[in-house]
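# Structure assessment
This is what each chain is made of:
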Amino acid sequence: MLRIGLTGGIGSGKSTVAGLFAARGVPVIDADDIARRLAAPGQPAYREIVAQFGPAILDPERRIDRKLLRRRVFEQPAERLRLEAILHPQVRRAMEDEIAGLDTPYCILVIPLLFETAERFPVDRVLVVDADEARQIERAGRRDGADAEEIIRILAAQLPRAERLRRAHDVVRNDAGLAELETEVECLHRFYLQLAHHSG
Ligand code: ADP
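All of the points below concern the structure found in this document.

Conventions we followed
Residues numbered from 1 in each chain as written. Predicted model: local features only at pLDDT ≥ 70, side-chain atom pairs only at ≥ 80, totals over all residues. Heavy atoms only, no water. Near = heavy atom within 4 Å. Polar contact = N/O pair within 3.5 Å; in protein donor to acceptor, adjacent residues only side chain to side chain. Areas by Shrake-Rupley, 256 points an atom, 1.4 Å probe, with all protein chains shown as cover. Helix = DSSP H or I, 4+ residues; strand = E, 2+ residues; numbered from the N terminus. Axes fitted to C-alpha atoms, helices over the stretch in contact; angles between N-to-C directions. Parallel < 35°, antiparallel > 145°, perpendicular 65-115°, else oblique. Left-handed = near helix turned anticlockwise from the far one by under 90°. Contact = heavy atoms within 4.5 Å. Nonpolar A, V, L, I, M, F, W, Y, C, P; charged D, E, K, R; others polar. Core = buried A, V, L, I, M, F, W, Y, C linked by side-chain atoms within 4.5 Å. Buried < 20%, exposed > 50% of the residue type's maximum accessible area, 1.4 Å probe, protein only. Salt bridge = Lys/Arg side-chain N within 4 Å of Asp/Glu carboxyl O.

Let's shift gears to the site of the ligand. Taken together, 13 residues surround the ligand, and among them K14, S15, T16, R143 and N174 come closest. At 2.9 Å from an oxygen atom of the ligand is found a main-chain nitrogen or oxygen belonging to G13. Contact distances for the ligand include 2.8 Å between an oxygen atom and a side-chain N or O atom of S15. The protein chains hide 78% of the 560 Å² of surface that the ligand would expose on its own. Mapped onto the shell around the ligand, the elements with two or more residues apiece are α1 (14-22) and α6 (133-144). Among the elements that make up the shell around the ligand, the one with the highest residue count is α1 (three residues).

Attention now moves to the packing of helix α3 (residues 44-53) against helix α5 (residues 77-100). Relative to each other, α3 and α5 sit at 170°, their axes nearing to 10 Å. The orientation of α3 with respect to α5, classified from their angle, is roughly antiparallel. With respect to the hand of their crossing, α3 and α5 are arranged in right-handed fashion. Residues P44, A45, E48, I49, Q52 and F53 of α3 lie in contact with α5, whose contacting residues are E79, R82, L83, I86, L87 and Q90. Partitioned by chemical class, the residues of the contact of α3 with α5 number seven nonpolar, two polar and three charged.

Right, let's get into the nonpolar core. The biggest cluster of nonpolar side chains holds 34 residues, and the ones touching the most others in it are I49, I64, L69, M95, L109 and I111. Among the elements of the structure, α2 (31-38), α3, α4 (66-75), α5, β3 (106-110) and β4 (125-130) are those that each provide at least two residues to this core. The element contributing the most residues to this core is α5, with seven residues. Those residues within four positions of L69 in sequence are excluded, and the remaining contacts are I49, F53, I57, I64 and L83.

Here the structure, examined in full by the defined rule, presents 25 salt bridges. Notably, a salt bridge pairs R24 with E182, separated by 3.0 Å at the nearest N-O pair. In this pair, R24 sits in the loop between α1 and β2 (28-30) while E182 sits in helix α9 (residues 178-199), placing the two residues 158 residues apart along the sequence. Its salt-bridge partner being R173, residue D130 comes within 2.2 Å of it at the nearest N-O pair.

The next subject is the side chain of R164. Looking at the element boundaries, R164 is found in helix α8 (residues 161-166). In this structure R164 comes out as buried when scored by relative accessible area, which is 6%. With residues near it in sequence (within four places) discarded, R164 still touches G8, G9, F115, E116, V128, Q158 and L159.

Here it is as structure tokens:
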């Protein structure tokens, strides 16, 4: 099973690109989705996060307020490390379990913080979705209702764009429309099928 790690900055288009692979029958495992599931009320990570960050991190329905948590960890690196220490080992285990159940030539692992985390999840290739910063700010703002200032803070905490591109095996440029994006994904899909075939 060829593992493609898909990453990119906030608002670059990771979920959109992942959706285009999924539409081609490729299994997509999203680290953020898994983290969200593991931090739902009643799950082990929920208890640990509330113990670490206090009940102020809960919304009125007593779910973890992800926006608030995100703000806190981006403002305070020490808290970010504490959150990662709780979540990452559990996310890694859940991802490995899901991968073990797959039977396709390759899979896409969406890992937004692939480069930023201390212990990198093992992947065979890194696919970076890249868009210029103005587009990232505009798209993420439109999607999350976050203001530009907050997105710029998040951008600053993530790996610089040039460095991310340097570490990529493959790059999807997402500066044009969805039709162009689809063409790029189709091309990569064929490439990955071939790679999987030859490595296989
Ligand atoms: P990420 O997962 O990297 O944060 P998303 O895939 O959620 O980014 O994209 C951010 C927002 O921008 C979404 O609302 C998405 O629909 C939109 N978007 C992404 N790519 C394009 C594109 N090429 N053209 C127009 N809108 C786009």
